[in-house]
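Close look at the chain arrangement
Next come the chains, spelled out residue by residue.
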Amino acid sequence: MKCSDCSTYNPCGQYGYCQDHIDGNWECQCKFWWIGTFCNQQSSSGIQVITLSIISGILIIVFHGLSIYFSIRKKRQQTQEEANKINQNDLPNSTLTPMALINIKQSARFSSFSIAILMLIITAAGLTVKWSLLQPIHNELVNKYKRADLLFYERNSICNIIDLEDFNMLTLPVACFFMLIFIIFSKRTSCMKKKLNGHVAPIVPIDFYTHIKRKFAAVVFAIIADELLDIVNQVINGNTSKEEGVIVVYLLRILKVLFIGFRYYPVLSAVYIDSILTLTCAILYAWLDFSVSIVYQGLCQSDFYPSDDNFDETNGTDIVRLFEYYGTGQNLIIIQLFTDIPRYICWSYVIIKLPMLLINKISTTIKHKNKDQFKRLHLTREEKILLHSSAVHSVEMSYVRNLFRPINQRSTSRLFLARLIPKFIYQWRDDFRFSSRILCVYASTCLVLFFITVQACILVVPYLDELQNSIQQLIDQISISSNQQNKQSEFPLPNFVRPYIIAILTALIVTMIQLLILLTNIRRNLFQIFRGDDSEIPKRDKSKYLSYSTGNFHFAGFFIGYLIWGYALIALFALIIYISIDAFITFGSVKFLEKILKLIIPILLLILFKMYLNKLLARYIFLQYHGDILAINNRRVLMIFLYFNFFLDSFLGFISSIIRIIKSIVGGCLYMSRLDYSPMGRKLETLDAGFSAYCGFIHMEAVHRNPIMLVVASYLYSRMKAKQYVTKNLMMMMKNDRKSSKDYSSKVVQKWHLVILLLRNPSLVFLRKHALSQIENKKTKTLNEVNRRQSCIEQTLHRPSLVSEIDLQNMWQKNVN
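Residues numbered from 1 in each chain as written. Predicted model: local features only at pLDDT ≥ 70, side-chain atom pairs only at ≥ 80, totals over all residues. Heavy atoms only, no water.

In the annotation of an unreviewed UniProt entry, the entry for the chain reads EGF-like domain-containing protein, and the organism field reads Rotaria sordida.

1. Quick notes on the overall build of the chain
The number of helices and strands found in the chain is 26 helices and six strands. Here the chain holds 817 residues, and the buried ones make up 34% of them. The contacts in the chain between residues at least 6 apart in sequence include a share of 73% that link residues at least 24 apart. Element-wise, carbon and sulfur atoms account for 64% of the exposed surface of the chain, whose accessible area totals about 50,500 Å². (Helix = DSSP H or I, 4+ residues; strand = E, 2+ residues; numbered from the N terminus. Buried < 20%, exposed > 50% of the residue type's maximum accessible area, 1.4 Å probe, protein only. Contact = heavy atoms within 4.5 Å. Areas by Shrake-Rupley, 256 points an atom, 1.4 Å probe, with all protein chains shown as cover.)

2. Overview of the packing of aromatic side chains
One pass over the structure, following the stated rule, counts 26 aromatic pairs. Seen from their ring centres, Phe-338 and Phe-450 are 6.0 Å apart, and the 55° between their planes marks the pair as tilted. Of this pair, Phe-338 sits in helix 12 (residues 331-367) while Phe-450 sits in helix 16 (residues 436-459), and the two are 112 residues apart along the sequence. For the ring pair Phe-555 and Phe-697, a centre distance of 4.0 Å and an interplane angle of 5° mean the geometry is stacked. On the criterion of sequence distance, the pair formed by Phe-555 in helix 19 (residues 545-587) and Phe-697 in helix 22 (residues 689-704) is long-range, its members being 142 residues apart. Accessibility classification places Phe-555 together with Phe-697 in one group, the buried group. Among the aromatic residues, ring-to-ring pairing joins Tyr-399, Phe-432, Phe-434, Phe-527 and Phe-530 into one connected group. Taking NZ or CZ as reference, Arg-381 lies 6.0 Å from the ring centre of Tyr-272, over its face. The ring of Tyr-612 is capped by Lys-615, whose NZ or CZ atom sits 4.9 Å from the centre of that ring. (Phe/Tyr/Trp six-rings, centres within 6.5 Å; stacked < 30°, edge-to-face > 60°. Lys NZ or Arg CZ within 6 Å of the ring centre and 35° of its normal.)

3. Examining a nonpolar patch on the surface
The grouping of Leu-572, Phe-573, Ile-576, Phe-654, Ile-658, Ile-661, Ile-662, Ile-665, Val-666, Leu-670, Tyr-671 and Tyr-677 at the surface amounts to a nonpolar patch, some 1,100 Å² of accessible area in total. Residue assignment for the nonpolar patch shows that the elements contributing at least two residues are helix 19 and helix 21 (635-670). When residues of the nonpolar patch are assigned to their parent elements, the largest contribution, seven residues, is made by helix 21. (Patch = residues over 30% accessible without salt bridge, like charges linked within 9 Å, V, L, I, M, F, W, Y side chains within 5 Å. Salt bridge = Lys/Arg side-chain N within 4 Å of Asp/Glu carboxyl O.)

4. Topic: the pattern of salt bridges
All chains considered together, the criterion is met by 14 salt bridges. In this structure, Asp-149 and Arg-147 form a salt bridge, with 3.9 Å as the shortest nitrogen-oxygen distance. Judged by its relative accessible area of 39%, Asp-149 is partly exposed. The shortest N-O distance in the salt bridge between Arg-674 and Asp-676 comes to 2.8 Å. The exposure class assigned to Arg-674 is buried, which follows from its relative accessible area of 9%. Taken together, the shared-partner salt bridges in this structure form one network comprising Lys-130, Asp-340 and Arg-343.

5. Concerning the nonpolar core
Ranked by internal contacts, the top residues of the largest apolar core, which has 113 residues, are Tyr-305, Val-350, Leu-354 and Ile-522. The leading source of residues in this core is helix 12, at 14 residues. Sequence-distant contacts of Tyr-305, that is, excluding residues within four places in its chain, are made with Leu-134, Ile-137, His-138, Leu-141, Tyr-153, Ile-319, Leu-332, Ile-333 and Gln-336. In terms of nonpolar packing, the next biggest core, distinct from the first, is built from seven residues, Leu-133, Val-292, Tyr-296 and Leu-299 among them. (Core = buried A, V, L, I, M, F, W, Y, C linked by side-chain atoms within 4.5 Å.)

6. What to know about the side chain of Asn-521
Mapped onto the secondary structure, Asn-521 falls in helix 18 (residues 497-530). Residue Asn-521 is classed as buried on the basis of its relative accessible area of 7%. Of note is the side chain of Asn-521, whose polar atom sits 2.7 Å from the side chain of Asp-676. Excluding residues within four positions of it along the chain, Asn-521 makes contact with Arg-674, Asp-676 and Tyr-694. (Polar contact = N/O pair within 3.5 Å; in protein donor to acceptor, adjacent residues only side chain to side chain.)

7. Description of the packing of helix 6 (residues 171-185) against helix 9 (residues 276-300)
Taken N-terminus to C-terminus, the directions of helix 6 and helix 9 make an angle of 170°; their axes are 11 Å apart at the nearest point. Viewed along their axes, helix 6 and helix 9 adopt a mutual orientation that is roughly antiparallel. Judged by residue contacts, Thr-171, Val-174, Ala-175, Phe-178, Ile-181, Phe-182 and Phe-185 of helix 6 engage Leu-277, Thr-278, Cys-281, Tyr-285, Leu-288, Asp-289 and Val-292 from helix 9. Within the contact of helix 6 with helix 9, the residues separate by chemical class into 11 nonpolar, two polar and one charged. (Axes fitted to C-alpha atoms, helices over the stretch in contact; angles between N-to-C directions. Parallel < 35°, antiparallel > 145°, perpendicular 65-115°, else oblique. Nonpolar A, V, L, I, M, F, W, Y, C, P; charged D, E, K, R; others polar.)

8. Overview of empty space enclosed by the protein
Counted under the stated rule, the structure contains two cavities of 30 Å³ or more. Within this model, the largest cavity holds a volume of roughly 110 Å³. Of all the secondary structure elements, the ones that give two or more residues to the lining of the largest cavity are helix 7 (214-237) and helix 8 (246-273). When its residues are assigned to classes, the lining of the largest cavity shows eight nonpolar, two polar and three charged. With three residues, helix 7 is the largest single contributor of residues to the lining of the second largest cavity. (1 Å grid on protein atoms, 1.4 Å probe; cavity = no way out; pocket = protein on both sides within 12 Å on 5 of 7 lines; lining within 4 Å. Points joined across faces, edges and corners; volume = space filled by probe spheres on them.)

9. Re the packing of helix 19 against helix 21
Between helix 19 and helix 21, the least distance of the axes is 8 Å, while the angle of their chain directions is 125°. Comparing their axes, helix 21 and helix 19 come out oblique. Contacts between helix 19 and helix 21 pair Gly-566, Leu-569, Ile-570 and Phe-573 from the former with Ile-665, Cys-669 and Leu-670 from the latter. Here the residues of the contact of helix 19 with helix 21 are counted per class, giving six nonpolar, one polar and no charged.

10. Quick word on the side chain of Lys-144
For Lys-144, the location among the structural elements is in helix 4 (residues 110-146). In contact with Lys-144, not counting residues within four places along its chain, are Asp-149, Leu-150, Leu-151 and Phe-152.

So this is what it looks like as structure tokens:
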């Protein structure tokens, strides 16, 4: 049609697109199911889609309405006796308030409050020191930016000492020195115990299968995860040197990871050894490392400001983009200090908790100082952990007691936090504690998620406009190449900032929810393995013990790696969805998305209609008692329905296979961070390395942390140690007697040996000569008593009388009893 062009006149209305041709004519391209020259008529396909959607909506409403009706009817048919039992088991509201107040007082102890206050003070002091170090660097780079000079700062000379070829050479030697001291003063428990008086033994940083000092270890692992994330960023963003080569560079990164482990080894091992010497050394080292970290991150390695050491990697382009987007004010410093808050809170907890542990250790030592040395039984750290399992209030003993109690009679948790969380979300149990390994992994992942989210929001946002323009040009070129007459964009992109921020927050929330669900599943799977239930985790097989062990090795690393990939995939899919929604909101219509929806909506409506029709027929026609019993009703009608449904579902099966692939892709991305879920299915789940690592971890945890096994082993070991305790005291008393008296005979020594023998074997007491003579005398007295009574009876009757053997046995039994 000949008219003005579409830029000045749009005759197609809101249901069509106006397109200009080369010859000067225009044409309306109708949206969805509109037809006509001016896109003002509804097509037959559109009417059918609307009709099918209405029918599907009616089926959905009828199905769910009937389901709600029968569920309400079923609840009303419950007897009054069951309701009274439930009401009797519930506690009155008047008792909840004082119990909650008591739990508040118990949980919110003064020590926790003081720790929190000191942590805030030290965190604020550390951030203030770092701000004072960053402010001159920021001012210098701002002045260079205004003069259009090269944007880098010269590092302080102390950085060459702290950072030698990316290795911290100031705190690492100190850490190795303290580790050497710990090794020298540690005692061996099994190998060559007599050499060097048992000293020089390997030190353990943490026992991952216990729940001793879990929070302290988790905080230290969170700090380690922060430094490991910096190495990962250097590997991803850094350029490998041609002289060193790729393999050498990655080997150096691995060596740096090992050095980070050595740096934090003294802190963890000192808390595990739990002695005055080790805790003192750990306090000195922690303050040194914390101070050096503040200086290093402030003067030597900044998150945003390039130095003369790393200027060649970006040539200052990143800082220029940050100055352009965030300005030259204090915004970058505030962002960097905000990023450092979790790191400094963790460090402040460590340097406060160590002195408190030292004070508690000194006070305990002073209390036991006045006791005699021979009355004390020295135990190793492992022995103390094992003996604690049989204590009255231990977690393992609580689990064993709950085995003999009904669920409604088990004691509820005394923590106030457990009462705040609804039971349908998470039920807190006092008879279970997660191991130290789980807390360390979760602390590391939470801090990694925080840093990834902050960096994704701060560092990527300034580049979104450039990314949007590049993608828009690519889409326009593709649309023009497919349709040369089309001058309008098939997919106009909105501003990326809003969808990107929402997508990042969505990925963070979804990943955190997945982590919490995984945490509850770990507890449930452990309980299942404890009672021999293999419904979720494959049954333990002897031929797969090696696989379980290697999977247990990889659990923590796979956990973090899968988590990061799951976070990135969720953010990507969410970004695509939010960009599409924002495009509809901003531009009103998008041709590319309309074509996809026009193809998908009829198929989805047909599948939805067929699905709810089958549910209605199955529940109210083909099953007895409205689906409460799996028994066929109306058998002949069902046979007819199955005959015709055989051919109808062939088409739906083809569509369902495509949906199956789409669901598997979406489900695999959403559940990527879940090691307990395998997207390969039940038969192929062992081929999934992540699920195999999870199974290995669960089986190893169940074997080494079974509460029943620990309680029995602890009880037996405590009995053995009690005998050793008595024996040691007797031997010490013998030595003291020998020192006090010069003349002693061998009979005294024999008597002491006899006492020890009888204490170890109580059943031998009844076989001694004195005990046997007492039994013989008792028998003689009994026979004499029987003869005396017999003679008395004979004298009374004036005739001889004999006592039968049966009477004698009865009288004997009576006297013995």
